[in-house]
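Summary of the model geometry
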Amino acid sequence: EAGVTQFPSHSVIEKGQTVTLRCDPISGHDNLYWYRRVMGKEIKFLLHFVKESKQDESGMPNNRFLAERTGGTYSTLKVQPAELEDSGVYFCASSGQSNQPQHFGDGTRLSIL
Amino acid sequence: SQKIEQNSEALNIQEGKTATLTCNYTNYSPAYLQWYRQDPGRGPVFLLLIRENEKEKRKERLKVTFDTTLKQSLFHITASQPADSATYLCALGGYNFNKFYFGSGTKLNVKP
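Let us look at the structure shown here. (Residues numbered from 1 in each chain as written. Chains lettered and ligands numbered in written order. Predicted model: local features only at pLDDT ≥ 70, side-chain atom pairs only at ≥ 80, totals over all residues. Heavy atoms only, no water.)

This paragraph deals with the side chain of serine 73 of chain B. All names here are of chain B. The residue serine 73 is located in strand β8 (residues 72–77) in this model. The exposure class assigned to serine 73 is buried, which follows from its relative accessible area of 0%. A polar contact is formed between the side chain of serine 73 and the backbone oxygen of threonine 65, at a distance of 2.8 Å. (Helix = DSSP H or I, 4+ residues; strand = E, 2+ residues; numbered from the N terminus. Buried < 20%, exposed > 50% of the residue type's maximum accessible area, 1.4 Å probe, protein only. Polar contact = N/O pair within 3.5 Å; in protein donor to acceptor, adjacent residues only side chain to side chain.)

Our focus in this paragraph is the sheet that holds strand β1 (residues 3–6) of chain B. Residues and elements named next belong to chain B. Read from one edge to the other, the open sheet built from five strands follows the order β1-β3-β8-β7-β6, with strand pairing classed as antiparallel. Edge strands, defined here as strands with exactly one partner in the open sheet, are β1 and β6 (56–59). Going from strand to strand, the sheet's axes swing by 15 degrees on average, the running direction of each strand aside. As paired strands, β1 and strand β3 (residues 19–26) are joined by four bridges and run antiparallel to one another. Across the sheet, the residue bridging to glutamine 6 is cysteine 23, located in β3. (Pairing = 2+ DSSP bridges. Axes fitted to C-alpha atoms, helices over the stretch in contact; angles between N-to-C directions.)

Residues and elements named next belong to chain A. Along the chain, the position of asparagine 31 falls in strand β4 (residues 31–37). Along the backbone, asparagine 31 and histidine 103 are 72 residues apart, and their C-alpha atoms lie at a distance of 10 Å. At a separation of 3.4 Å, a polar atom in the side chain of asparagine 31 contacts the main-chain carbonyl oxygen of glycine 96.

Here the focus is the packing of aromatic side chains. One pair of aromatic rings is described through two measures. These are the centre distance and the angle between the planes. One pass over the full model with this rule turns up 17 aromatic pairs over all chains. Centre to centre, the rings of tryptophan 35 of chain B and phenylalanine 75 of chain B are 4.9 Å apart; their planes meet at 20 degrees, and the pair counts as stacked. Highlighted residues: tryptophan 35 of chain B in strand β4 (residues 32–38) and phenylalanine 75 of chain B in strand β8, separated in sequence by 40 residues. Through successive ring pairs, a cluster of aromatic residues spans Tyr33, Tyr35, Phe45, Phe91 and Phe104 of chain A together with Tyr32, Tyr36, Phe46, Phe100 and Phe102 of chain B. In this structure, arginine 22 of chain A packs its charged tip against the face of tyrosine 74 of chain A, placed 3.8 Å from the ring centre. (Phe/Tyr/Trp six-rings, centres within 6.5 Å; stacked < 30°, edge-to-face > 60°. Lys NZ or Arg CZ within 6 Å of the ring centre and 35° of its normal.)

Glancing now at the pairing of strand β11 (residues 108–112) of chain A. Residues and elements named next belong to chain A. Residues Thr108, Leu110 and Ile112 point to one face of β11 and are all buried, whereas Arg109 and Ser111, pointing to the other face, are not buried. Judged from the four bridges that link them, strand β2 (residues 10–13) and β11 form a sheet pairing that is parallel. When the sheet's bridge partners are listed, isoleucine 13 is paired in β11 with isoleucine 112. In this sheet, β11 lies alongside strand β9 (residues 88–95) in antiparallel orientation, the contact comprising three bridges. Counterpart to valine 89 in the pairing with β11 is arginine 109.

Looking now at the layout of surface pockets. Put simply, the largest pocket is a space of about 660 Å³. Along the walls of the largest pocket sit 29 residues, with Arg37, Val89 and Arg109 of chain A together with Gln38 and Gly41 of chain B positioned nearest its centre. Only β9 and β11 of chain A together with β9 (86–93) and β11 (106–111) of chain B provide two or more residues apiece to the lining of the largest pocket. Classifying every residue of the lining of the largest pocket by side-chain character gives seven nonpolar, 15 polar and seven charged. A volume near 290 Å³ is recorded for the second largest pocket. Considering the residues around the second largest pocket, the lining is formed by 15 residues, among which Glu42 and Lys44 of chain A together with Gln2, Tyr101 and Phe102 of chain B are closest to the centre. Taken together, the elements giving at least two residues each to the lining of the second largest pocket come down to β5 (44–50) of chain A together with β1 and β10 (100–102) of chain B. (1 Å grid on protein atoms, 1.4 Å probe; cavity = no way out; pocket = protein on both sides within 12 Å on 5 of 7 lines; lining within 4 Å. Points joined across faces, edges and corners; volume = space filled by probe spheres on them. Nonpolar A, V, L, I, M, F, W, Y, C, P; charged D, E, K, R; others polar.)

In structure tokens form, the structure reads like this:
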């Protein structure tokens, strides 16, 4: 089966611009998670979807970040406007049931200039 | 807030030896703990999950222990191989299974 796929793999934008990251979970996985790793730090939770509903968005840093999962399939994470501190690697993960291991994509490396 | 500590220094071992990595945590009572492997430029790859009521879990050359009294998990790779060289992450989860708290990882180097 195909794993979790993320697009794009890299994105370089200027401060103030908008960027949208996409995640396609493993087919049939209801649970979808976003994480990010900023330079030198550990991977940190951003939010969790169950199907199209946000279950937990306690890790979202501020209102410049908007995550959606219309239809309960793929998800997008929009950053608008991007700031320098948003640079990092954004990971998406999915699981079939919430008490099962999470499977990660290879991430989107986001660089804000 | 919860704190998860993994040895930030790289672990260098000889091929064929057993590698032991440590994950310590404070200010948290996880319901389960997972270990992941991460290669440069790639996402974490799931290896093993152990629940709070389990003391030990094995999978092929891998073994994980979970001591909720010591607040510690040990991850062992027996008969290590150069291909085992990677960064290993531990991640703790609560009863709601909603999210993980990750350690910063330990880099393992297995020399031939």
